[in-house]
Amino acid sequence: MADDYDVVVIGGGSTGTAVARDCAMRGLETLLLERDDIASATVGTCAGMISSGLKYMDEPEIVDMCSEEVVHFRRIARHLIMKNPILTPLMQMSDVSTGGNFAEEYSKRAETRDVPPVLFLTPEDALEIEPTLNPDIIASIYFEEYFISPFRLCLLQAIDAQRNGASVRTYCEVHDIENLDGDGNQVTFFDRVSRKTESVVVDCVVNATGPWADEVADMASANVEIRSNKGAHVILDRRVVNVGIIAKAVDGRMIYLFPHENTALLGTTALDTWEDPDKLVASSDEIEYLLKSMEWVVPSIREARIIRTMEGVRPLVADWKKPEDDVTRGYEILAHEDGAPGIFSFVGGKLVMCRHMAESVTDMVCEWLGVDKTCYTHMRPLPGMDGDLDVLALSKKYGVSQHMVERMRTRHGTETEQVLELADAHPEWKTTVCTCEPVMEAELRYSIQEEFPRSLNDLRRRVRLGTGPCQGTFCTYKASAILTKELDWSGIDYQLEIMDYLAERWKGKRPSLRGEQLSQEELMQGIYSCVGNIDQSDAEYQRKPWEGIC
Ligand SMILES: Cc1cc2nc3c(=O)[nH]c(=O)nc-3n(C[C@H](O)[C@H](O)[C@H](O)COP(=O)(O)OP(=O)(O)OC[C@H]3O[C@@H](n4cnc5c(N)ncnc54)[C@H](O)[C@@H]3O)c2cc1C
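Residues numbered from 1 in each chain as written. Predicted model: local features only at pLDDT ≥ 70, side-chain atom pairs only at ≥ 80, totals over all residues. Heavy atoms only, no water.

Side note on the site of the ligand
Residues in contact with the ligand amount to 36 residues; listed here are only the nearest, T15, E34, R35, T42 and M49. Between an oxygen atom of the ligand and a side-chain N or O atom of R35, the distance comes to 2.9 Å. V43 places a main-chain nitrogen or oxygen 2.9 Å from an oxygen atom of the ligand. For the shell around the ligand, the secondary-structure elements that each account for two or more residues are α1 (14-25), β7 (172-179), α7 (213-219), β10 (226-236) and β15 (306-317). The biggest single contributor to the shell around the ligand is β7, with three residues. Of the residues contributing to the shell around the ligand, the split by class is 16 nonpolar, 15 polar and five charged. (Near = heavy atom within 4 Å. Polar contact = N/O pair within 3.5 Å; in protein donor to acceptor, adjacent residues only side chain to side chain. Helix = DSSP H or I, 4+ residues; strand = E, 2+ residues; numbered from the N terminus. Nonpolar A, V, L, I, M, F, W, Y, C, P; charged D, E, K, R; others polar.)

Next comes the structure, spelled out in structure tokens:
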């Protein structure tokens, strides 16, 4: 039987998109299948810290690998990366020795990663940098770490895979994998947009489905075990701190508070979980654990409003009878040679390792296929990384605020000029749709035309629409109208889209709402239903094809 593809990659998170890019760049006929949107699962809930891995100082090979990956990311995706200063306030003498070990390990790799060595600061110096710190600190460590936009990284990896010949299909859920006795594997999937079931025959399958890796392996009668570990974040409505803070939580684990765009990210918890990863909700205990712990070093933290929570499952290597912190953050690739030949599954790993993970599995796929091609994903820039951008000059040339152009630069890099060209051709698209971020109409249009979103939530992932303090209160209607026009939807689709978007936002907001904030939110829902007329309970319409099916 002739194969449709050399390899099918299942999962459009950081791992799957990196694998599809590597396979395509090595000339393999590649198909990426994602059941939802790119970066819609675990990777979309992570902090985006591409650190040197120093939390795992007892795994030096992982620390070295992460440090090296940071260097590669800075080469291929500098426009998506920020370097953030971080303070670790020390509250008691016993913290000092841990700080000393960290400083030594960090400083060894500082030059490679282009960061200054760790500094020990007096309380006065630390408080000058971060006046919100508890004045009782006895010292502070200062260091710098890199962060990457997880959504944009995955999207650009997927787009680069496409540009290298891969076929990328979102909203396609794999339902079955059948071994064809020496003739490859048949992968059957359901396209949630066209509502059609399709099958392809392939030589290799890469199972990059993170917390779902066991379920997907099971479709091929292969066995994968994961130690599922839940992590929750709380997002605050303002930049509570000037710099990142890493502190010890009530149980001695390290937690963080990072300023992020117009908000702040407080995280994270780490709990063994047997919950369905599709139905995760941050518990009140998790929220209180984070607030209580951070309150010791940033006493004013509760003055900020929680705008939502964000939770995901770390698909860790199944290393049992150990505290979560002691479980390796490395990854394994399981080649299911006996029962399911040609199928490779990932367990473990991190965002920062995704390129490395992809290189390893693509080497295995190439060996299986008898293809002799080397990896160059660490050398070739991602889209938008082919030079520097003069933000001021572009702002003047196109009459768009410098702030707006700068925000676009962090998403599109050198391709920002294409967005600005669109705005120039349609000056009415220079209006700001999302004022929190801000996002200009031309950028939304560009993203819809070039970055294959199918919903407002997909747009949120691509351009941060509705992620600021108002959580979409002011941009949802307008953005839905733009999406409806660009995708040629009907009026009913327009309203359904708003309902879906609000439902998704509500899911993240609800766990954190209490007291007056809860009643305000319910009032807002009422306004949407009555004034916005989205509560059409008697309307006879079909839901969008991919809703409520899988
Ligand atoms: C709270 C938290 C914070 C974290 N912070 C960091 C950090 O700062 N830095 C870092 O390096 N790492 C961090 N991590 C770890 C990191 O996020 C994960 O290791 C990584 O994102 C996993 O990516 P993935 O692509 O393997 O999985 P996912 O992002 O979960 O992608 C798997 C994809 O497979 C798809 N899928 C599942 N079943 C099917 C099917 N049948 N058909 C088609 N598609 C399917 C899913 O829809 C999903 O999109 C964090 C994790 C958590 C939970």
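Some details on the environment of M219
On the secondary structure map, M219 appears in helix α7. Residue class for M219 comes out partly exposed when judged on its relative accessible area of 23%. M219 sits 45 residues away from V174 along the chain, and the two C-alpha atoms are 9.0 Å apart. Excluding residues that lie within four positions of it along the chain, M219 makes contacts with V174, H175, D176 and I177. (Buried < 20%, exposed > 50% of the residue type's maximum accessible area, 1.4 Å probe, protein only. Contact = heavy atoms within 4.5 Å.)

Describing the packing of helix α13 (residues 441-450) against helix α14 (residues 456-463)
Put simply, α13 and α14 touch, their axes get as near as 11 Å, and they point 110° apart. Classified by the angle their axes make, α13 and α14 are roughly perpendicular. Contacts between α13 and α14 involve E443, L444, S447 and I448 from the former and L459, R462 and V463 from the latter. Of the residues that constitute the contact of α13 with α14, the class distribution is four nonpolar, one polar and two charged. (Axes fitted to C-alpha atoms, helices over the stretch in contact; angles between N-to-C directions. Parallel < 35°, antiparallel > 145°, perpendicular 65-115°, else oblique.)

A word on a negative patch on the surface
On the surface, a cluster of negative charge is contributed by D3, D4, D176, E178, D181 and D183. The residue D183 is located in the loop between β7 and β8 (185-191) in this model. With relative accessibility at 38%, the residue D183 sits in the partly exposed group. (Patch = residues over 30% accessible without salt bridge, like charges linked within 9 Å, V, L, I, M, F, W, Y side chains within 5 Å. Areas by Shrake-Rupley, 256 points an atom, 1.4 Å probe, with all protein chains shown as cover. Salt bridge = Lys/Arg side-chain N within 4 Å of Asp/Glu carboxyl O. Lys, Arg positive; Asp, Glu negative; His and termini not counted. Charge placed at Lys NZ, Arg CZ, Asp CG, Glu CD.)

Quick word on helix α12 (residues 416-425)
Of the positions making up α12, those classed as buried are T416, V419, L420, L422 and A423. Looking straight down α12, one finds its buried side chains confined to an arc of 155°; they lie on one side. Looking at the buried residues of α12, the elements they touch are α10 (391-398), α11 (402-412), β19 (439-440) and α13. (Arc of directions from axis to C-beta.)

Some remarks on the layout of surface pockets
Each pocket or cavity is described by its volume, and for the second largest pocket that value is around 250 Å³. Contributions of two or more residues to the lining of the second largest pocket are made by β15 and α17 (515-530). A per-element tally of the lining of the second largest pocket places α17 first, with six residues. By residue class, the composition of the lining of the second largest pocket is eight nonpolar, four polar and three charged. (1 Å grid on protein atoms, 1.4 Å probe; cavity = no way out; pocket = protein on both sides within 12 Å on 5 of 7 lines; lining within 4 Å. Points joined across faces, edges and corners; volume = space filled by probe spheres on them.)

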